[in-house]
Amino acid sequence: MFCWIVQIHGLVQGVGFRPFLHRLAQRFGLSGQVRNTAAGAELLLEADEQTLGQFLAAMRGEAPAPAVIEAVSVRKSDRPVRGGGFHIAASREKGSRAETLISPDLGVCPDCLRELNDPNDRRYRYPFINCTSCGPRFTVVRDVPYDRARTSMARFPMCPACAREYEDLSSRRYHAQPNCCPVCGPRLTLYDADGHETPGDALETARRWLAEGKILAVKGLGGIHLACRADDMPLVETLRRRKGRDARPLAVMCRDMVAVRARCLVSPEEEAVLSSPRRPIVLLERRDAQPDGLSFTRELGVMLPYTPLHTLLFPDGVDALVMTSANRTHLPILCENEAALRALSGIADGFLLHDRDIVSRCDDSLVRVQDGEARFLRRSRGWTPAPVPLKNCRFPVLACGAEQKASFCFTRAGAAFLSGHIGDLKTAETFDFYQEQLAHFKTLFGLQPIAVACDLHPDYLSTYTAERISSRYDIPILRIQHHHAHLAACMADNALDGDVTGLIWDGTGLGDDGETVWGGELLCGSYDRAERTGTLRPIPLIGGEAAIRGIWRVGLALLLEAGVPDANRFFRMEDTVTAQLLLRTDGGTATSHGMGRLFDGMCAILGLLNNATFEGQGAMLLETAAAGADADAAGSFPIPIEPDENGLLVADWREMVRLAAEARRAGVPAPLLAARFQNTLVELGAAMCRAAREKNGLERVVLSGGVFQNRFLSARLPARLRAEGFRVFIHRRVSANDEGLCLGQAMAAIHSGVI
Ligand code: ZN
Ligand code: ZN
Ligand code: FE
């Protein structure tokens, strides 16, 4: 019989891991103890060698579902375990934080739901029920190790009944840090539109108000939502108007799978993702394929209730609620009671709030299920702050991300920790949130980066942040070209080494000359460098920034460049005259190689939209329109690729634009042309990759950039490339858009040779 010290690294805090080990030790009849350390968990065990082996095998095989065991190290101890039996020891305060993992928030589990609906249970209809398998985690943690005292549950001392469960090994709430009940835990309060507390049962009144068609602010796990009936379109319009929200689709929370199926087509894989403990919003195809006030696309973003409060919120006869982040457009999701009462005055008809603080706000994650896997459009609640394991990641660095879809990541040996969704740094509130989260991650994970990476763009606030950190801590700063970072991100996402071809299609990003805007790029390279092999013929942006929203300007520029006669007839007269004048007289009109701009321009030419209310709307509309045509029969436009004087391959879209304009004038329906345009991009992507293969012999292709969140391209281009013998890699663990960029920046910095 020896005493062993077993160090367990991985996601083992906040997921019922210590109670699990305790039960396991009892089953094996072993004495010892377990405690959380900043590094994970430390187990002391008295056992002979054979039993220890069996114990560890059982530990790996039977660990609770949310736990992730990354590494286990065992050594013999010369000191015996004090006393008999097994116990859970107090957390060790000291020790390195540099290896802690904190569990993401977990959706309410079936056991808790059963109790919630049991009239004889002491937590019957208690909206904060949780256990070791479910409940708040990251959003309530102030510091590590993960213990109640260091969460926003610290102000709710457990009542004797809860304390007994907490101490009772056989209880599901044994050492459940946020354990609470109606006697000792958080409470709901309902305020009316003027911010006055309402008497009576807050939950019952809130349900009645929802049923009556009121718009309610509801405080959940990672922030405050605005909720209203999803079956009342005038009400949904009122919500949009009050919130000042652009045309972006609204997410819907369905009571259960029956309600989801009533609205959408759901595959078994989609159902599994919807009902997983992570509970993201999943984009599903609608049964009727009809756009409405909820979404102008054929898809609907749907989620299931993920907190007990949400499950209790549905009034009788209402099986779907709009659940959209409560914020004014472009601002981060609200999370504080006082701030919500102020900011949402005039927007919400009532406020259902509670007194458990949200330490870190965390938006709902948004995914689409493709090939049986969840693909991120937004990686946040349910995943943040779980690590993304990385191969060849040797140093701790901080990567500051881009700007519009800002995110950052810290690396340490073998993993990256990405922030959740932050938003566009150009608003002061969002930039504050970004900086808050940077500081919080630094504390939680004890990270001390030896270098900081950022975009090449000098004006991004993320770049400014990197510069400040670089000079404050005297560490090197590495400025990584945007599309190279995308390539590196997709490589890292797929644990690739060596050289690859990268097809990087997005809306914008500063080129390595520091002047031109790229975004339709063919790159060849690896983490340490990338060569620009091909691109799109530049697109004039008439009016500069104005062309990002005024996409008709891009359409007009495409038509004029392509030599289409009477181009202005496609759009409104008074605007086009000025625009033509600008294009003719202003030799310095900005241009962009961005694939996102080509989508915008084509969308306008096809008559689908002239002015976008948010970036990417044009592309979404084209995708939606194309679904109304038979893509296989739609054919494609020619899009020749010719080398320029420097050997850079340039895809010339002019012939395509001419033909599309002619077809449109001849009355060919827009859906057919939208499908033909997207088929053209599949052909273009394949031709680009073939050209790279001829030049460099590269068979592996990574696809990255926001354009690959387009359903059509992300489904058809990989299939097409595989059919031509390529090995294709797409994003799986981070988003394809700029939210995943920080991962590539970090890996490019690590391999730069500078650190
Ligand atoms: Zn539970
Ligand atoms: Zn209690
Ligand atoms: Fe990008």
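Okay, so let's go over this structure. (Residues numbered from 1 in each chain as written. Chains lettered and ligands numbered in written order. Predicted model: local features only at pLDDT ≥ 70, side-chain atom pairs only at ≥ 80, totals over all residues. Heavy atoms only, no water.)

### Focus on the layout of surface pockets
Using a probe with the size of a water molecule, rolled over the atoms, empty space left in the structure can be pinpointed. To keep things clear, this is the line we draw: In this analysis a 1.4 Å probe is tested at points of a 1 Å grid over the protein atoms alone, and where it fits but cannot get out there is a cavity; an open set with protein on both sides within 12 Å along at least five of seven lines is a pocket; lining residues have an atom within 4 Å of a point. Grid points are joined across faces, edges and corners, and a volume is the space filled by probe spheres set on the points. In this description a helix means any DSSP run of H or I spanning at least four residues, a strand means any run of E spanning at least two, and both kinds are numbered starting from the N terminus. Three classes are used: nonpolar for Ala, Val, Leu, Ile, Met, Phe, Trp, Tyr, Cys and Pro, charged for Asp, Glu, Lys and Arg, and polar for all others, with Gly counted as polar.
Volume-wise, the second largest pocket comes out at about 530 Å³. Together, 26 residues line the second largest pocket, and Val 68, Arg 278, Gly 382, Trp 383 and Ala 386 are the ones closest to its centre. Secondary structure elements with two or more residues in the lining of the second largest pocket: β4 (68-77), β16 (373-378) and β17 (388-389). Looking at side-chain class alone, the lining of the second largest pocket contains 18 nonpolar, 3 polar and 5 charged residues.

### Some remarks on the coordination of the zinc ion (ligand 2)
How we decide: Listed donor atoms are N, O and S within 2.8 Å of the metal (Na, K and Ca: 3.2 Å). As water is not included, a site may look incomplete. By the criteria applied here, four donors are tetrahedral when all angles lie between 85 and 135 degrees, four are square planar and six octahedral when opposite donors are over 155 degrees apart and every other angle lies between 65 and 115, and any other arrangement is irregular.
Taken together, the protein ligands of the zinc ion (ligand 2) are Cys 159 (SG), Cys 162 (SG), Cys 181 (SG) and Cys 184 (SG), with distances of 2.2 to 2.3 Å. Around the zinc ion (ligand 2), the 4 donor atoms are arranged such that angles at the metal cover 102 to 117°; this shape is classified as tetrahedral.

### With respect to the sheet that holds strand β19 (residues 409-412)
Stated formally: In this analysis, strands are considered paired if DSSP registers two or more bridges between them. Any two residues whose heavy atoms approach within 4.5 Å are treated as being in contact. Every axis corresponds to a line fitted to the C-alpha atoms, with the helix fit spanning only the stretch in contact, and the corresponding angles, defined between N-to-C directions, vary from 0 to 180 degrees.
Ordered in space as β17-β20-β19-β18-β21-β22, the 6 strands form an open sheet in which the pairing is mixed. Taken across any chain shown, the strands that pair with only one partner, and hence form the sheet edges, are β17 and β22 (477-480). With 3 bridges connecting them, strand β18 (residues 397-399) and strand β21 (residues 451-455) associate as parallel partners. By the bridge assignment for β21, Val 397 is matched with Ala 451. Relative to the sheet, helix α12 (residues 461-473) contacts β18, β21 and β22, its axis offset from that of β21 by approximately 160°.

### Describing the packing of aromatic side chains
This is how the line gets drawn: For Phe, Tyr and Trp, rings pair up if their centres lie within 6.5 Å, where Trp contributes its six-membered ring, and each pair is then called stacked (planes under 30 degrees apart), edge-to-face (over 60) or tilted (otherwise). Relative accessibility under 20% of the residue-type maximum defines a buried residue, over 50% an exposed one, and the middle range a partly exposed one, all with a 1.4 Å probe and only protein chains included. Working rule: Lys NZ or Arg CZ, within 6 Å of ring centre, within 35 degrees of ring normal, means a charge sits over the ring.
Enumeration according to the criterion identifies 18 aromatic pairs in this entry. Ring geometry for Phe 431 versus Tyr 464: centroids 6.4 Å apart, planes at 50°, classification tilted. Here Phe 431, found in helix α11 (residues 428-445), pairs with Tyr 464, found in helix α12; they are 33 residues apart in sequence, far enough to count as distant. The class of Phe 431 is buried, set by a relative accessible area of 11%. An aromatic cluster is built from Phe 138, Phe 408, Phe 410, Phe 417, Phe 431, Tyr 434, Phe 441, Phe 445 and Tyr 464, whose rings are joined through pairwise contacts. Cation over ring: Lys 76 sits above Phe 2, and NZ or CZ is 4.1 Å from the ring centre.

### Some thoughts on the packing of helix α18 (residues 617-626) against helix α20 (residues 670-696)
Going by this rule: Oblique is the label for every angle not falling under 35 degrees (roughly parallel), over 145 degrees (roughly antiparallel), or within 65 to 115 degrees (roughly perpendicular). Each crossing gets its hand from how the near helix is turned against the far one by less than a right angle, where anticlockwise is left-handed and clockwise is right-handed.
Interaxial distance between α18 and α20 falls to 7 Å at its minimum, and their mutual angle equals 110°. With respect to each other, α18 and α20 are oriented roughly perpendicular. Viewed along their axes, α18 and α20 form a crossing whose handedness is left-handed. Across from Leu 622, Glu 623, Ala 625 and Ala 626 in α18, the residues of α20 making contact are Pro 671, Ala 674, Ala 675, Phe 677 and Gln 678. Of the residues in the contact of α18 with α20, the class split is 7 nonpolar, 1 polar and 1 charged.

### Here's the deal with helix α5 (residues 202-211)
Rule in force here: Each polar contact in these results corresponds to two N or O atoms within 3.5 Å; when the atoms are within protein, one needs to be able to donate a hydrogen and the other to accept it, and residues that are neighboring in sequence are counted only if both atoms are side-chain atoms.
Of all 10 residues in α5, 7 are buried, a share of seventy percent or more. Taken residue by residue, α5 has Ala 202, Leu 203, Thr 205, Ala 206, Arg 207, Trp 209 and Leu 210 as its buried positions. Of the surrounding elements, those touching the buried residues of α5 are β6 (188-192), β7 (216-219), β8 (224-229), α9 (308-313), β13 (320-325) and β14 (350-354). Two or three places before Leu 203, at the opening of α5, Asp 201 has a side-chain oxygen 2.9 Å from that residue's backbone nitrogen. Positioned one or two residues after α5, Gly 213 has a phi angle of 95°, which is positive.

### A closer look at the environment of Pro 476
In this fold, Pro 476 is placed in the loop between α12 and β22. For Pro 476, a relative accessible area of 31% corresponds to the partly exposed category. Through-space distance from the C-alpha of Pro 476 to that of Ala 749 is 9.7 Å; in sequence the pair is 273 residues apart. Residues contacting Pro 476, with those up to four places away along its chain left out, are Ile 450, Ala 451, Val 452, Ser 470, Val 754 and Ile 755.

### A look at the state of the cysteines
Keep this limit in mind: We call a pair of cysteine sulfur atoms a disulfide whenever their separation is within 2.5 Å.
A full pass over the atoms with the stated rule returns 0 disulfides. Cys 742 forms no disulfide, and the closest cysteine sulfur to it belongs to Cys 409, at a distance of 4.1 Å.

### A closer look at the sheet that holds strand β29 (residues 649-651)
The sheet built from 7 strands is open, its strands ordered β28-β29-β25-β24-β23-β30-β31 with mixed pairing. In this open sheet, the two strands that pair with only one neighbour each are β28 (641-643) and β31 (727-729). Strand-to-strand twist in this sheet, taken as the mean axis angle between neighbours without regard to direction, amounts to 25°. Each of β23 (500-505), β24 (520-525), β25 (530-536), β28, β29 and β30 (700-704) is contacted by α20, which is oriented at about 150° to β23, the strand it contacts most.

### A word on unusual backbone geometry
A cis amide bond links Val 144 to the next residue, Pro 145, at an omega of -5°. When you line up the elements, Pro 145 lands in the loop between α3 (110-116) and α4 (160-167). Despite not being glycine, Asn 392 shows a phi value in the positive range, around 55°. With respect to the helices and strands, Asn 392 occurs in the loop between β17 and β18. In the Ramachandran plot, Asp 566 falls in the positive-phi region, its phi being about 50° despite a non-glycine side chain.

### Looking at the side chain of Arg 173
Along the polypeptide, Arg 173 turns up in the loop between α4 and β6. At a separation of 2.6 Å, a polar atom in the side chain of Arg 173 contacts the side chain of Glu 115. When near neighbours in sequence (up to four residues on either side) are disregarded, Arg 173 contacts Cys 112, Glu 115, Arg 123, Ile 129, Asn 130, Cys 131, Thr 132, Glu 165, Tyr 166 and Asn 179.

### Concerning helix α1 (residues 17-28)
Residues three or four positions apart in an α-helix share a direction because the helix packs 3.6 residues into each turn. Selection rule: In a helix, the anticipated span is given by 1.5 Å times the number of residues less one.
Over its 12 residues, α1 extends 16 Å from the first C-alpha to the last, a length consistent with the 16 Å expected when each residue adds 1.5 Å. The secondary structure elements touched by the buried residues of α1 are β1 (2-11), β2 (32-37), β3 (40-47), α2 (49-62), β4 and β5 (86-88). In the stretch just after α1, Gly 29 is the one whose phi turns positive, near 70°.

### Here's the deal with the coordination of the iron ion (ligand 3)
Looking at the metal site, the iron ion (ligand 3) is ligated by His 482 (NE2), His 486 (NE2), Asp 506 (OD) and Asp 738 (OD), spaced 2.0 to 2.2 Å from it. The site at the iron ion (ligand 3) holds 4 donor atoms, and with the angles between them running 87 to 171°, its shape is irregular. Sequence positions of the donors to the iron ion (ligand 3) reduce to the motif H-x3-H-x19-D-x231-D. Taken as a pair, His 486 in helix α13 (residues 482-493) and Asp 506 in the loop between β23 and β24 lie far apart in primary sequence, 20 residues in all.

### What to know about the pairing of β14
Of all 5 residues in β14, 5 are buried; the element is thus mostly enclosed. Here β6 pairs with β14 via 5 bridges, running antiparallel. Within β14, the residue paired with Tyr 191 across the bridge is Phe 351. By the bridge criterion, 3 bridges tie β7 to β14 in an arrangement that is parallel. Paired with Ala 217 across the bridge in β14 is Phe 351.

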